[in-house]
Structure formats: structure tokens, C-alpha cells
Amino acid sequence: MSNPIDKLGVIDGLEITETDYRTRGYHYCLGATAGNILLVVQVFDDYGFYLEDLTCVDREERLELVYFFFHYEERRRFKVALALDPAKPSCPSISDVYRNAYFLEREVCEFFGVFFTGHRNLTYLFLHDAIDYYPLRRDYPLRKDRVAVPEAEKARLNSFAVTEADDAFFVNMGPQHPSTHGVLRVIIKMDGEYILEAEPVLGYLHRMHEKMGENRTYQQFLPNTGRMDYLGAISFNLGYVTAVEKLMGIAPPPRAEYIRIITTELNRISSHLLWVGAYLADLGALTPFLFVFDDREQILDILEAVTGSRLTYCYFRFGGLPEDVDETFTEKTKRFVDRMRSERFSLYENLITGNPIFISRTKNVGVVTRESARKHGVTGPVLRSSGLPFDIRKVEPYSLYEGLSFDIPVGQGGGALDMYRIRIREMEMSLRIIEQAIAALPAGPVMAEKVPKKIKPPAGDVYHTVESPRGELGVYIVSDETERPYRMHWRVPSYFNLMTFPESARGILLADAVAVLGSLDLVIPEIDR
Amino acid sequence: MELTALVEIFGRELLGVIVGLIGVLAFVVLNALFLTWLERKVAGHMQRRIGPKEVGPFGLIQPLADTLKLLGKELLTPHDVARPLYYLAPTLIFVPVLVSFIVIPFDRHLQVKDINAGILVVLAFSSLSVLSILLAGWGSNNKYALIGAIRSVAQNIAYEIPLLLSLLPIIMMTNSFSLKAIVEAQAGLWFLALQPVAFLLFFIAAVAETNRTPFDLPEAESELVAGFHTEYTGMRFALFFLAEYTNIVIVCAIATCFFLGGYQGPLLPGWMWFLAKTYLLVFVIIWFRWTFPRVRFDQLLNFAWKIMIPVAFVNIIVTGGLLKL
Amino acid sequence: MGEGSIHLAKEIIPVKFAALEKLLDLARANSLWPMTFGLACCAIEMMSSAMSRFDLDRFGAGVFRATPRQADLMIVTGTVTKKMSPVLVTLYEQMPSPKWVIAMGNCAISGGPFLFEDQYNVIEGVDLLVPVDVYVPGCPPRPEGLLEGVLKLEEKITGSRRFITPEVDW
């Protein structure tokens, strides 16, 4: 039903190659050109695919735009590669078809200098005006003659310019604002209390992770993963190590896999807990924030004992774990599961879920429809609130999730209230997963044998996804058989979820905008990378 | 000049008022200090932590340290503010709350002045505070402050009506505007038992009038940073704070007079009963703050105009009917 | 303004105002209101230190003010990027004096793990932008680390170290 390969076959000049899904993470690779990319994208749109990712790889002799398309209901991933001349890279914009391309193309434009014709606002999103070269081009920093931004394009550097001279009322939310959870900046054009337009400005915490990926070895990059999404650090650890393992064909022993699952799910709970607290604080209730931190500290105690840190974990290694866990870990985890089930969920139920003010503030606020979600590539609880049971742990199982039984809670399109309920139910599901994993935890080694000291994956690329607390996390690694990745790209879920905000903010009250922004569960360092 | 001469010139009454005002001023400041401590301590205990404890016994010196620090802070005047308005607002917000205390009977004889239109004085002066909030918001040259001020005006106008309407049945029952007379009328039975609906209406409106959660929209931290006082520093900000806490006590004192029998109570002296009842209500307001989320602006106004005001009118009519029977 | 006039007066009547200044310093040290200003990972640990287990409010430093106008203490919690630096300086300048800065975490101290040759977006230490009073190292520092940083700052203000009474009730 949703295999567009026949339709794609008739497009002129499109090379279709089937790839090995097990080591590559995608089923087909399409070689498109600037001439037929719009046709190709249209086919994917007709078949209900979403634009999972759009990035660029500088192959020195050519710039290669890489599009990934995935489907919410079926496991079928397409990579579309498009070669451009690095001297004059230009390509038609697909932002009219896929709305998330509006942001993704701006990102590619500022980091690689690729120009998209037909893009309505091709200005800088992450970088600031003092950077007058393209940071992710390979000639930077290796050569001194960096690719400078052409004089004519410098106007794009200013990412937001107020053009209207009328008496429009602009409010700058952020980068320092209590409810943007970090350094997100949203420029809001208002009419009284109502929002006319909202435009996010990103990059206040751009920490060059993708650039660092290129000049560090695979092992050296491990700590960075925990600093991208500090709330779901272990999920990012997992995404990275499983991606490299996939590329190298390493299989970690089952004990390591189960411990990975337990810690990842614990981390998921702590992330969701923090969201619950922070969201209620956005709505004006401060006490739940402290209650959830109480629970969070219990998780941190467990994780600290095995990982050595409280927040920015760097726990997994290629091929397994650095150290085995002992009895106290499982004991403490079991005790935590009991504690959550017996007292904490009912506490939150009483304190938050039943509160009429909470319900009236969140019900039908920030509703993300299925169509809008697909056009923006939304994933995670935000997508599931629209009723789609899309969870990478089920759709594209990694680690040993396939053998565990758990449900995917979905909403009925009720907006933020549904997202809240989904996250609470997901915590319960995580407890279930943890219980099963503890019960199934086998004895044995925690490190695969024959993992080389120097990680040098075979040449090629891999696209690997895991389910982070915020949604689908994608890791794209291009290897050239050296110990450093040739290119590393991260598909971060909050970024895509944020893209729906300008649309859902239009016409709502300022107070609702705070509720919507909070419901998306944004982690800014993850967006800015 | 000798005291007798002063008395002759100004009259015993005026002197009494002046002395009373000084007493009130002392009470206002002490009360605000105590309430900030109480707020932080109650919040702490509700949130499974301790709250201030290192500064003085039980952290009791904490508010004093805060006040001293605020006194020693730089008084920044941001660029391009409307200076007269910006300077006037914190002072102006403080005057009405002081005047309101004149008519509140702390005990049978502990009252600065028993005016026969007492409650009207309180309500009239408390509406003045919205003016200073508007001045602060308008004068600050800050968008958050402006939005906060606009919210505040709409909110205060909307909730002043049910505030007064909810008190009318009691005024009808006692045939008096004097707070003392109303308290005296509750010697046998508190009006809380006779007018529970009115009490509820009054209390909700009072929470809204004092800009406390769940109606703290003018200074909604997660939306407006600090609302109308975003640009105020040091003591100017402290005056807003002082006024907020004093307002809380005033509305709770009014509620005590109207519904909880004021200073009436067995055994203990009257002022103790009065303060105990008042602070109980204050505690409830603090409790609200640390439990409820904030309502939305339209929900807030809808609630006032569509629910509270009609209910208050029905309550007046029913009371009037019952009184006639 | 307040502090300036005191310094001026100190030259005229040294003894009396020295006592007043000491009292003010004591008050300031016991009422350090931080600004709600989270940058990155360390912000979560800053929140943790205000929560039930660590409770920054015990020392009177738990009143997080969202507006810089009412804050005394800026805790720089995370990486400062070049795009963020003008904002950070503005925020610092918006705070009324006397004001203090704690650089929390390696990023704020030196750029931390995000330093590499030819890096293009990270400020290598917030002390290049604003004067820093206390450095709290760690990636991220534990909440106890931040508490110690706050106590260190108190020591810096008053000249004497606070020792916490270890009782648990109240």
C-alpha cells in the first residue's frame, strides 16, 4: 500500500538502489537531481511519508543533500541523496510540501551555504552575524581559506529583522524567560493578548556538537551525547552506541542490553517527571515541581551509583557496558518501582490530574493534528496525542525491546491534556518494562568480545533511530574508515516538535502560548546542538 | 507646644487618628515581614523542604535581612521610563492600604476610628491600588509590565463588583456599613452560617483582588516575568510587595469581620481572636498559591461576569426576600 | 547608589558607618536572590539545589526572581555562546548593584568540553564578559557544589564562614 517504489520508478533520472537495512538503517537509496527532487518529494507526500531528516554532507568534490523519509505506520525508510556543485550549490526548496523543511533548509543554508530557491525566508536560524563562513564545510577548520559567505548573502545573517513600521506590538520571549526552559527565543507579534505570529529564533546554545563529531574519535564523542539532551541523556547514549554498533556489526551481550533498557527507561521516567513539574510551573503551580524532583532524586540515586554522574551520563560503550551492575542496583530499582506505583501516581492524580483549573488550561490547547504532525515530522508524545501509536520502540525495535510487552498510550487529539496523560501512562509503561527487564536479566558478560580498541567502522553511512523521551532520535553517521566520523548528524525530536509552534500559536492567547510551548517538552541544547 | 494645646487645636479625635495611623504603620510593616516568612515557611513545608532556617531561629530574621538588603540596593531607573508615573506608583500603592486599616476593628475598643460608612471606605480605597498598578505598568516602558497592568485593571474592575455585591446581603441584614456594628451583630451566630454563598463569593473575589494564585495574572511569572513590577528594583519593589501582603491581610480582616464574627470569641481577648481568624484565612490564601495552577485571562473574566456576579445578585435577592418575610 | 553614598560617608564618620556597612553586608549575604536564568545542563542542577533535598532557601537564597531588576546573584549555568553573550551582558547590567556572579560548571568557567581548536561559537569562560565572584567546577557540579559556592560567596561578602546547624526539624 505505502510502497512508492513503483511511482518513483517512472521519474526521469532517478537512480534507485536497494540497500541492506540491517547495517544501513534504510531500505532504499535514491539518487535524485535538482531537477526531479520536487517530483520525488511529491510522491512521498502522496504516500503519507514524513520528512524525517534533511541534512548535507560535504564530500569535498560535491555537496550531498540527504533527505530521509519515513512512514508513521510502516517500517520503510528512504534516503534521497542529491549531489550539488560546491562552487554554486543551489536546489529547489521543498518547504511548500513539507513544512519542517522551512527550518531544516535554513539550517543547511547557514552551515553549508546551500541555497534553496523558492524558500520564503532563507535567513540564519542558529548562527549569528559574526560568523561569515560555513562552519560545517570540510574546508573549515582544516584549510585556512574557509568558504566565506558571499557579500550578497550577508543580508541573510540577520535572522530576524522587524520589517513592519506599523504599530505592531512585538514581545520578545526569551532568551531569558522563565517559561522557555533555557535559552529559546520566540518573537511574538501580538494584538492585545492575542498572538498574531510567532517566530522562534534558535542557536543561543549552539555548541557545535556536529562539528565536534568530525574532529573527535568515536569514543571521544561519547560524553557529548549526554550533553545534547541532558534530560534524556541515556537515550542519546543509546542512540549513538547502537548506531555505531549497527555500522560495525557488533552485538552486545544480552545482560548489557537489559541493563541498557533498565537505565534508559529510568532515565525516561526522570525526564517525564521533570516535564510534569516544569509544565505545571508554566501553568503557575509551583509545588508539583518539587514533588517530582523528590521522585527524580530517587532515580538519580540509582543511576549515579552505576553511571557515576547525576545528569549528563556517559554510560554505554561500543559493545556493551564498562562495568557490571550489582544486586543493590536491581534492589533499589525494584523499590523505586514499588514506590511509584503505590504512592506517587495517586499523589499526582490527586494534586494535578483532577484539578479543574489544570484541565481547563490544557484541554484542547495546542492540538497537533495528524496532518500537521506529518508535515512537521513530529514524533513522541506530541504525535501520540493525535492518536497515532508511533513509537520507535515498536515500529523499529532496537536493543531487545521487541521481546518486551508494553503498550503505546495514545490520546484523542485533546492537545496538551492528552500529552500530559500520555506521559503519565508512559511512565507506568516504563515501570512495566523495567520490571520485565529485571526479571529477564541474565548472568554473563556485559561487554561483547572482539570489540577493537580503535573504532574504525567500515565505509558507508547509517541512519539509526531510538525513542528518546521527546520522540524519535535519529543518528546519521558517515564513516570513511578512519577513527573519526566523516560526518555526524543528529535528528533531534524537540526541534521538530518546536516547528509546530508558529502554526499552533497563531490566534491564541499569550497564556496559552506558554501552555503550548511547555507541552512540547523542549530541551534547548538538544535543538541547538 | 504642649500636648494639651495640640489636643485643643486638632481635637482629641484627630490626634487619636494620627496615633492610630502610626500604630497601623507599625502593624503593616511587622505584618508584611511576618507574612513573607510565613509564606516561605508554609511553602517549604508543603513542598517537603524546610524553608528559611539558617537566618535566626526558624529563619525568623530572614525577612529582616531581605528588607535590609533591599534598602541597600541600587535604585535603578531604567532608560525612557515615564519618570513621574514610575516614581509615583510604589508610593501610591501604599497609601490606600494604610487608610483601610483605620476602620478595621481589631478589638471592641481597638479601632482607630469607627466610621459609619466603614466598609465603603475600605472598598473605595482598595480600588485605588489598581490605579498605581496601571501607573507602574504604563510608566515602566516595558512590554511585560504593560500587559501585566492591563490585565490587572480588567481583573480588578471585574472582581470589585462581586466583592461588593457579596457583602451587600450582610449589610442588608445588619442595616449598617459600620464594621463594628456588623461584628457586634454576630454575637450569637457567625454570618458564615447564614451566608455561606456570600462568604465563598467574597473570598474568591478577594483572592482575585489581591492578585494571588490562581488569579495572579498581573505578575504571572511564567508568562510576564514579573508583570507590572518587572522594572522596579530595591525598595520600590519592596513597597509593592509590602502592599500586596497588607492587602491580603485587609481582605482577610474584612472577611473576618463580615463572616467569622470579628473579635468575638470565648476566653481569649478579642484581638487575639481577630488575628487568629485573620491569619487562618491568610494561611488559606497561601495554601491556594502553592497548590493551584493559574487560570487563563478569558477564563478569569468569564468566571467573574458570568458566574460570580449573577450568583451574587441571586444571593442578594434571596436574602432580601427572606428578610421581608 | 546606596552603596556609593555609604562609601562616601565612611570617610567622614568611619566608625558608625563601618558598623552599618557590616550590617548591610550581613543582610546581603543572607538574602542572595538568584535570577531565574538557566542556560544548559547545569540549570537542572541549579533547580535541584532549590528543591526538597538540597533546599537553597534555607540560607535565604531560594527566592528565584525572573527579572534581573530584583535579583542579586546571577548563576551562569552552562555554556555561553557568542550569540548569547550580548544577552548575558545586558542581563548583568540590568541587575542593580551590589550584584554577584557565580560561574557554575566548566562551560561557564572556561568553555568546558566544548573547546577545540578553531571552535566558532563558545565563549571560553564567562569571566571574559562579566566579573565572576565564585567558580563552581564540575560538569555539571552537584547541587552540594552549588550550595558550597553560595556559602563561599557569603563568606566573600561577610568575611566569615557560615556553618550550618545540622538539625532536621524546621
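Structure: above.
Residues numbered from 1 in each chain as written. Chains lettered and ligands numbered in written order. Predicted model: local features only at pLDDT ≥ 70, side-chain atom pairs only at ≥ 80, totals over all residues.

Trainee: Got a minute to help me understand the overall build of chain B in this structure?
Mentor: Counting its secondary structure elements, chain B contains 14 helices and zero strands. The helix and strand sequence of chain B, counted from the amino end, reads α-α-α-α-α-α-α-α-α-α-α-α-α-α. Here the C-alpha coordinates of chain B stretch approximately 60 × 60 × 40 Å along the principal axes. Within chain B, buried positions represent 53% of all 325 residues. In chain B, 78% of the contacts between residues at least 6 apart in sequence involve partners at least 24 apart. (Helix = DSSP H or I, 4+ residues; strand = E, 2+ residues; numbered from the N terminus. Buried ≥ 20, exposed ≤ 12 C-beta atoms within 10 Å, placed from the backbone. Contact = placed C-beta atoms within 7 Å.)

Trainee: Just to check I follow, could you spell out the sheet that holds strand E8 (residues 169-173) of chain A for this structure?
Mentor: Within a beta sheet, neighbouring strands are joined by backbone hydrogen bonds and run either parallel or antiparallel to one another. All names here are of chain A. Here three strands make up an open sheet; going across it, the order is E8-E9-E10 and the pairing antiparallel. Unpaired on one side and paired on the other, E8 and strand E10 (194-201) mark the two borders of the sheet. On average, adjacent strands in this sheet sit at an angle of 20 degrees to one another, irrespective of strand direction. Across five bridges, E8 lies against strand E9 (residues 185-191) in antiparallel orientation. Among the inter-strand pairings, phenylalanine 170 is bridged to a residue of E9, identified as lysine 189. (Pairing = 2+ DSSP bridges. Axes fitted to C-alpha atoms, helices over the stretch in contact; angles between N-to-C directions.)

Trainee: Explain the interface of chain B and chain C here, please?
Mentor: For interface size, the figure often reported is the accessible area lost on association. Taken together, the 31 residues of chain B in the interface contact 24 residues of chain C. Residue assignment for the side of chain B that touches chain C shows that the elements contributing at least two residues are helix H1 (3-46), helix H2 (62-71) and helix H12 (234-259) of chain B. Among the elements that make up the side of chain B that touches chain C, the one with the highest residue count is H2 of chain B (five residues). Considering only residue class, the side of chain B that touches chain C consists of 12 nonpolar, eight polar and 11 charged. (Nonpolar A, V, L, I, M, F, W, Y, C, P; charged D, E, K, R; others polar.)

Trainee: Hey, could you run me through the sheet that holds strand E2 (residues 100-104) of chain C in this one?
Mentor: Residues and elements named next belong to chain C. Here three strands make up an open sheet; going across it, the order is E1-E2-E3 and the pairing parallel. A strand with exactly one partner marks an edge of an open sheet, and here the two such strands are strand E1 (73-77) and strand E3 (134-136). Looking at each pair of strands side by side, their axes are set apart by 20 degrees on average, direction ignored. Two strands pair when backbone bridges link them, and E2 and E3 are joined in this way by three bridges, in the parallel orientation. Counterpart to isoleucine 102 in the pairing with E3 is valine 134. Packed on one face of the sheet, helix H3 (residues 41-50) meets E1 and E2 and runs near 130 degrees to E1. Here helix H6 (residues 143-158) sits on the sheet in contact with E2 and E3, set at roughly 170 degrees to E3.

Trainee: Help me out: how do you make sense of the packing of H2 of chain B against H12 of chain B in this one?
Mentor: If you want to describe how two helices pack, look at the angle between their axes and the distance between the axes. Residue and element names in this part refer to chain B. Between H2 and H12, the shortest axis-to-axis distance is 7 Å and the interhelical angle comes to 135 degrees. Viewed along their axes, H2 and H12 adopt a mutual orientation that is oblique. On H12, the residues touching Thr67, Leu70 and Leu71 of H2 are Gly234, Met235 and Ala238. Considered class by class, the residues forming the contact of H2 with H12 number four nonpolar, two polar and no charged. (Parallel < 35°, antiparallel > 145°, perpendicular 65-115°, else oblique.)

Trainee: Sorry if this is basic, but what is going on with the interface of chain C and chain A here?
Mentor: Contacts between the two partners involve 33 residues from chain C and, on the opposite side, 29 residues from chain A. Of all the elements, H3 of chain C adds the most residues to the side of chain C that touches chain A, at five residues. The class makeup of the residues in the side of chain C that touches chain A is 18 nonpolar, eight polar and seven charged.

Trainee: Teacher, can you tell me more about the pairing of strand E11 (residues 460-468) of chain A here?
Mentor: For a regular strand, side chains alternate in direction, first toward one face of the sheet and then toward the other. Residues and elements named next belong to chain A. Most of E11 is tucked away: eight of the nine residues are buried. The sheet contact formed by E11 and strand E12 (residues 471-479) spans nine bridges and is antiparallel. Along E12, the bridge assignment pairs aspartate 461 with valine 478. Connecting E11 to the next strand, E12, in antiparallel fashion are two residues.

Trainee: Which parts of the structure should I look at to understand the nonpolar core?
Mentor: One recurring pattern in soluble globular proteins is that nonpolar side chains are buried together. The biggest cluster of nonpolar side chains holds 312 residues, and the ones touching the most others in it are Ala255 of chain B together with Val76 and Ile102 of chain C. At 19 residues, the largest contribution of residues to this core is made by H12 of chain B. If sequence neighbours within four positions are ignored, valine 76 of chain C has contacts with Leu39, Val101, Ile102, Ala103, Met104, Ala108 and Val126 of chain C. (Core = buried A, V, L, I, M, F, W, Y, C linked by C-beta atoms within 7 Å.)

Trainee: Help me understand H3 of chain C in this model?
Mentor: Every α-helical turn comprises 3.6 residues, leaving residues that sit three or four positions apart pointing alike. Burial runs high along H3 of chain C: 10 of the 10 residues are buried. Buried residues of H3 of chain C: Cys41, Cys42, Ala43, Ile44, Glu45, Met46, Met47, Ser48, Ser49 and Ala50 of chain C, and no others. Of the surrounding elements, those touching the buried residues of H3 of chain C are helix H7 (218-228), helix H10 (287-307) and helix H20 (524-528) of chain A together with E1, E2 and H6 of chain C.

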